[in-house]
Protein chains: 2
Amino acid sequence: MQQLLAHLKTFYQLSAEAELVLKDCFEEIILAKNEFLVKEGKVCRHLYFLQQGALRGFYNLDGKEITHWFGFENDFVTSFHSFTTQQPSVENIQLMEGCILWAISKDTLTGLFNRYHEIERLVRIAYEKYYIRLEERYVNAHFKTAGERYESLLLHTPHIVERVPLGFISSYLGISQETLSRVRGRL
Amino acid sequence: MQQLLAHLKTFYQLSAEAELVLKDCFEEIILAKNEFLVKEGKVCRHLYFLQQGALRGFYNLDGKEITHWFGFENDFVTSFHSFTTQQPSVENIQLMEGCILWAISKDTLTGLFNRYHEIERLVRIAYEKYYIRLEERYVNAHFKTAGERYESLLLHTPHIVERVPLGFISSYLGISQETLSRVRGRL
DNA sequence: TGCTGGTTTTGACAATAGTCAAAAAATAAC
DNA sequence: GTTATTTTTTGACTATTGTCAAAACCAGCA
């Protein structure tokens, strides 16, 4: 909990008052490697703060698992579309390592929005950050060759390469595992 | 102006009070085809509502123009990264048709956030929508073949195909103009 | 009607990436 | 330390897409 609050204070200017309020709104969750945080077809009703561990978001396409994002320490994670719209999730979230998470329900969060302008602001700012991140990722992914994408990953997010099996990384980069292996051989 | 307010009322539950406030915060801008709304290297200080017309966001990569998004009627547009961080823009926004826009400055918007919780909420909700849209676009773009991407464009956003020159569309899909032409030939 | 500039298509060939199958390497299990 | 099991790499071949150059198409307009 301390880590979540510290993160919010550092990156979102959380006030002492809001801190007191938030303290009681999150619930600790501990899950083991390979367990699912969200399953496709189910509505995702929580937003999670990832204190410790690593996980991935993926969906199934023609029997293949397509990993399209990763989460690590200090990330807020959820099945975004499902959490926002309260429609069944199209994606799965699975742990790549044992994780410690803090969960807040959509209802609790909505209640906080109504009572505390500051907390809605905090989320608005989080959206800005995550939007920019996604936009960068989009441009990177879409307009570069397999080799360039991997090099960009090494440069900008080396922790992904260090902690994630290559099978997930190739999927994340939108290339086959074999091509990734060859790209790595060339470097 | 009516159109902007109507859009906000319909899709963002804008209250009558907030409507009165917002009315005076936007400035009308009329620009001709091919003019630039944002130029790379300059800080983008405004958020725009596109009342009429069509435009594109693009950046330069090895001397080539990469179009990575389009804007149409009722879209909020800006050089997102630049507007948020107030760093120089890496992208250009150019009009594909003559446009009518309504501009609000970052400072004005920030002032509104401080005074009206409801307006910050409105923007928070806008972020949600735009984030989901981008996420869908990301998945579509990244994990499908050239043909599938074009078909998906036809299916989900046919107005793009109708109003945008093929050269921009191919760039948007991340494929060459020739490949797009051949894909179209096959359908 | 016939230029003119731009856009779109076609053709030939090269480069890139995917697929399937098997080998090698790395982990985990006993 | 020796098996299993999983992950990663390699090889041969195929499919997809890109590149360059030329042709066709399509306005707008003298």
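Here the structure is shown first, and the text comes after it.
This write-up is about the structure you can find in this document. (Residues numbered from 1 in each chain as written. Chains lettered and ligands numbered in written order. Predicted model: local features only at pLDDT ≥ 70, side-chain atom pairs only at ≥ 80, totals over all residues. Heavy atoms only, no water.)

**Describing the protein's contact with DNA strand D**
Taken together, 16 residues are adjacent to DNA strand D, and Arg 182 of chain A together with Ala 146, Ser 176, Glu 178 and Thr 179 of chain B come closest. Within 4 Å of the protein, the atoms of DNA strand D are drawn from sugar and phosphate moieties in a proportion of 56%. Within the backbone of Ser 176 of chain B, one N or O atom sits 3.1 Å away from a phosphate oxygen of DNA strand D. Glu 178 of chain B places a polar side-chain atom, nitrogen or oxygen, 2.8 Å from a base nitrogen of DNA strand D. Elements represented by at least two residues in the surface near DNA strand D include exactly α8 (166-173) and α9 (177-185) of chain A together with α9 (177-185) of chain B. The element best represented in the surface near DNA strand D is α9 of chain A, accounting for 5 residues. (Near = heavy atom within 4 Å. Polar contact = N/O pair within 3.5 Å; in protein donor to acceptor, adjacent residues only side chain to side chain. Helix = DSSP H or I, 4+ residues; strand = E, 2+ residues; numbered from the N terminus.)

**Brief notes about the environment of Gln 13 of chain B**
Residue and element names in this part refer to chain B. Within the secondary structure, Gln 13 sits in the loop between α1 (2-12) and α2 (16-23). When the C-alpha positions of Gln 13 and Leu 122 are compared, they lie 8.2 Å apart, and in sequence the two are 109 residues distant. If sequence neighbours within four positions are ignored, Gln 13 has contacts with Leu 8 and Glu 118. (Contact = heavy atoms within 4.5 Å.)

**Focus: the pattern of salt bridges**
Throughout the structure, instances matching the rule amount to 16 salt bridges over all chains. A salt bridge links Asp 75 of chain A to Arg 133 of chain A, with the nearest nitrogen and oxygen atoms 3.1 Å apart. Here the residue Asp 75 of chain A occupies a position in strand β6 (residues 75-77), and Arg 133 of chain A occupies one in helix α5 (residues 117-142), the gap between them amounting to 58 residues. Each of Glu 120 of chain A together with Arg 121, Arg 124 and Glu 128 of chain B takes part in salt bridges that share partners, so that together they form one network. (Salt bridge = Lys/Arg side-chain N within 4 Å of Asp/Glu carboxyl O.)

**Observations regarding helix α8 (residues 166-173) of chain B**
Ile 169, Ser 170, Ser 171, Tyr 172 and Leu 173 of chain B are the residues of α8 of chain B that are buried. Buried residues in α8 of chain B make contact with α5 of chain A together with β5 (64-71), α5 (117-142), α6 (146-156), α7 (158-163) and α9 of chain B. In the segment just after α8 of chain B, Gly 174 of chain B is the residue with positive phi, at about 75°. (Buried < 20%, exposed > 50% of the residue type's maximum accessible area, 1.4 Å probe, protein only.)

**Some remarks on the side chain of Ser 152 of chain B**
Residues and elements named next belong to chain B. By the secondary structure assignment, Ser 152 is in helix α6. For Ser 152, a relative accessible area of 11% corresponds to the buried category. Among the polar contacts made by the side chain of Ser 152, one reaches the side chain of Asn 140 at a distance of 2.9 Å. Ignoring sequence-local partners within four residues, the contact set of Ser 152 consists of Asn 140 and Thr 157.

**Quick notes on the packing of helix α6 (residues 146-156) of chain A against α8 of chain A**
Residue and element names in this part refer to chain A. For the pair α6 and α8, interaxial distance at closest approach is 10 Å and the crossing angle is 115°. As α6 packs across α8, the resulting crossing turns out to be right-handed. Contact residues: Arg 149, Tyr 150 and Leu 153 in α6; Ile 169, Tyr 172 and Leu 173 in α8. In the contact of α6 with α8, the residues fall into 5 nonpolar, no polar and 1 charged. (Axes fitted to C-alpha atoms, helices over the stretch in contact; angles between N-to-C directions. Left-handed = near helix turned anticlockwise from the far one by under 90°. Nonpolar A, V, L, I, M, F, W, Y, C, P; charged D, E, K, R; others polar.)

**Looking at the environment of Gly 174 of chain B**
Residues and elements named next belong to chain B. Relative to the helices and strands, Gly 174 is located in the loop between α8 and α9. The exposure class assigned to Gly 174 is partly exposed, which follows from its relative accessible area of 31%. Sequence separation between Gly 174 and Ala 32 is 142 residues, and the spatial gap between their C-alpha atoms is 27 Å.

**A word on the interface of chain B and chain A**
Taken residue by residue, the interface counts 36 residues in chain B and 36 residues in chain A. In total, chain B and chain A occlude about 3,600 Å² of area from one another, counting both sides; carbon and sulfur atoms represent 67% of this. Sorting the residues of chain B by area buried against chain A places Tyr 131, Tyr 138 and Phe 143 of chain B first, and these three jointly supply 20% of that buried surface. Between Glu 120 of chain B and Arg 121 of chain A there is a salt bridge, with its nearest N and O atoms 2.8 Å apart. Those elements that provide at least two residues to the side of chain B that touches chain A are β4 (55-61), β5, α3 (80-85), α4 (106-115), α5 and α8 of chain B. Counting residues per element, the side of chain B that touches chain A draws most heavily on α5 of chain B, which supplies 18 residues. (Buried area = accessible area lost by both parts, 1.4 Å probe.)

**Describing the protein's contact with DNA strand C**
Around DNA strand C sit 16 residues, and of these Ala 146, Glu 178, Thr 179 and Arg 182 of chain A together with Arg 182 of chain B come closest. What you see for DNA strand C is that sugar and phosphate hold 56% of its atoms within 4 Å of the protein. Residue Arg 182 of chain A places a side-chain N or O atom 3.0 Å away from a base oxygen belonging to DNA strand C. Interatomic distance of 3.1 Å between a backbone N/O atom of Leu 166 of chain B and a phosphate oxygen of DNA strand C. Elements that contribute at least two residues to the surface near DNA strand C include exactly α9 of chain A together with α8 and α9 of chain B. Classifying every residue of the surface near DNA strand C by side-chain character gives 4 nonpolar, 7 polar and 5 charged.

**Focus on the packing of aromatic side chains**
Residues and elements named next belong to chain A. Scanning the entire structure with this criterion turns up 17 aromatic pairs over all chains. With a centroid separation of 5.5 Å and an interplanar angle of 90°, the aromatic rings of Phe 80 and Tyr 127 are classed as edge-to-face. Of this pair, Phe 80 sits in helix α3 (residues 80-85) while Tyr 127 sits in helix α5, placing them 47 residues apart in sequence. A single burial state applies to Phe 80 and to Tyr 127, both of which are buried. (Phe/Tyr/Trp six-rings, centres within 6.5 Å; stacked < 30°, edge-to-face > 60°.)

**Quick notes on the sheet that holds β5 of chain B**
All names here are of chain B. Pairing is antiparallel across the open sheet formed by 4 strands, whose spatial order is β2-β7-β4-β5. Strands with a single pairing partner mark the edges of an open sheet, and in this sheet they are β2 (36-38) and β5. Averaged over all neighbouring strand pairs, the angle between strand axes comes to 35°, with direction disregarded. With respect to the sheet, α8 is in contact with β4 and β5, its orientation differing from that of β5 by roughly 90°. (Pairing = 2+ DSSP bridges.)

By themselves, these are just geometric observations and shouldn't be taken as functional.
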